[in-house]
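Each chain, letter by letter, is given below.
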Amino acid sequence: MNASGEFVFAPLGGVGEIGMNLSIYGLGPERSRTWIAVDFGVSFGGEEDLPGIDLVLPDIRFLVEERRNLVGIVLTHAHEDHFGALLDLWPQLRVPVYATPFTAALLEAKRRGEPGAPEIPVRVVELGSRFAVGPFDVELVSVAHSIPESNGLIIRTPLGTVLHTGDWKIDPTPVIAPPTDEAKLRAVGDEGVLALVGDSTNAIREGRSPSERDVAKTLVELVRTARGRVAVTTFASNVARMRSAAESASSRSRARPVI
Ligand SMILES: [Zn+2]
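Note on numbering: residues in each chain are counted from 1, in written sequence order. Per-residue local features are limited, in this predicted model, to residues with pLDDT of at least 70; the limit for side-chain atom pairs, both in listing and counting, is 80 or more; totals at the level of whole chains, interfaces and linings are taken over all residues.

Some details on the overall build of the protein chain
Stated precisely, the cut-off is as follows: Strands here are runs of E lasting at least two residues and helices are runs of H or I lasting at least four, both read from the DSSP assignment and numbered beginning at the N terminus. Every radius of gyration here is taken over C-alpha atoms, with the globule rule written as 2.2 Å times N^0.38, N being the number of residues. Think of it as a crowd count around each C-beta: if 20 or more other C-beta atoms lie within 10 Å the residue is buried, if 12 or fewer it is exposed, and in between it is partly exposed, with C-beta placed from the backbone throughout. Any pair of residues counts as being in contact when their C-beta atoms, constructed from backbone geometry, are within 7 Å of one another.
A tally of helices and strands in the protein chain yields 7 helices and 13 strands. Against the 2.2 N^0.38 benchmark of 18 Å for 259 residues, the protein chain shows a C-alpha radius of gyration of 20 Å, consistent with a compact globule. Across its three principal directions, the C-alpha atoms of the protein chain cover 70 × 45 × 35 Å. Expressed as a percentage of the 259 residues in the protein chain, the buried residues total 34%. In the protein chain, once contacts between residues fewer than 6 apart in sequence are set aside, the share between residues at least 24 apart is 64%.

What to know about the sheet that holds strand E6 (residues 70-74)
Operational definition: In this scheme, strands are said to pair when DSSP sees at least two bridges between them. Every axis in this analysis is a line fitted to C-alpha atoms, fitted for helices over the stretch in contact. Angles between the N-to-C directions lie between 0 and 180 degrees.
Taken together, 6 strands build an open sheet; the order of strands is E1-E2-E3-E6-E7-E8 and the sheet is mixed. The open sheet terminates on both sides in strands that have one partner only, identified here as strand E1 (6-13) and strand E8 (122-124). Direction aside, the axes of adjacent strands within the sheet are offset by 25° on average. Of the pairings in the sheet, the one linking strand E2 (residues 22-28) to strand E3 (residues 34-38) comprises 5 bridges and is antiparallel in character.

Overview of the domain arrangement of the protein chain
Worth spelling out the cut-off: What counts as a domain boundary in this text is fixed by an automatic or database domain assignment. For this classification, the nonpolar set comprises Ala, Val, Leu, Ile, Met, Phe, Trp, Tyr, Cys and Pro, the charged set comprises Asp, Glu, Lys and Arg, and every other residue, Gly included, is treated as polar.
If you check the domain split of the protein chain, you get domain 1 (6-197) and domain 2 (212-255). Inter-centroid distance (C-alpha atoms) of domain 1 to domain 2 is 31 Å. Taken together, the contact between domain 1 and domain 2 spans 10 residues of the former and 10 residues of the latter. Looking at the side of domain 1 that touches domain 2 residue by residue, the class counts come to 5 nonpolar, 3 polar and 2 charged.

As for the environment of Glu247
Along the chain, the position of Glu247 falls in helix H7 (residues 239-255). Looking at Glu247, the number of C-beta atoms within 10 Å reads 16, which means it is partly exposed. Along the backbone, Glu247 and Leu219 are 28 residues apart, and their C-alpha atoms lie at a distance of 8.9 Å. Beyond its immediate stretch of four places on either side in the chain, Glu247 contacts Ala216 and Val220.

Some thoughts on helix H4 (residues 101-113)
The following threshold applies: Helix span is expected to be 1.5 Å times the residue number reduced by one. The arc in question is traced by the directions running from the helix axis to the C-beta atoms.
With 13 residues, H4 should cover 18 Å at 1.5 Å per step; its first-to-last C-alpha distance of 19 Å lies within 8% of that length. Among all positions of H4, only Thr103, Ala104, Leu106 and Leu107 are buried. The buried side chains of H4 occupy one side of the element, clustering within an arc of 165° when seen end-on. Summarising the geometry of H4, the exposed residues directed more than 90 degrees from the buried face are Ala109, Arg112 and Gly113. Structurally, H4 contributes buried residues whose contacts are with helix H2 (80-83), helix H3 (86-89), strand E7 (97-99) and E8.

Structure, rendered in structure tokens:
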């Protein structure tokens, strides 16, 4: 904070809950801030607490009021809990959306599957690129996750830098590229970071989760030695696990053809 204003953060969803990720960052004096939004996710209703409800959208009344001061929405990756609310809510905002090629392509595929969904002019940005969104200087940093092209955001402002992690895993051998760009994280750490903002599932649990490569190896072994057919369940959006399951199936058919 200084005389010309403040750099502020508020989660409109996604903190302390799974899903509905939507964060906003503001820059400037209290009464005339410029805003950037990161992600626009949905949450899923459950039979226990929300029977009959499939999807829960974030409450964006604040952003609608501040629409003229909202300079853009940056998507970290293409999971529903990070971009699933965009097609429904974007018409109330109509601001530029920034996404990497895979995320932009998946958004377009979703749009085609939903009659009447708006055509959102997405500004496609390259992995690892750095671009300006209003007064915010945004740089993408690749992070390993279960879907291709997951990004953390380095958000630089005249008042300091924040690292917004998105969903992440320190996995040197993910089954889908790229791995977490540790060199870039180290460099921004040396440069100086005011705050790290992150709420990745299980991030505050002690310990280490195994690499997806180890999960894949175990799956191959389990499928190879199984006596009958094997049914695998997973989130359809866990692209890495889908790949591991497919590879385990193909390794078995090579070893012992199914007739
Ligand atoms: Zn995710």
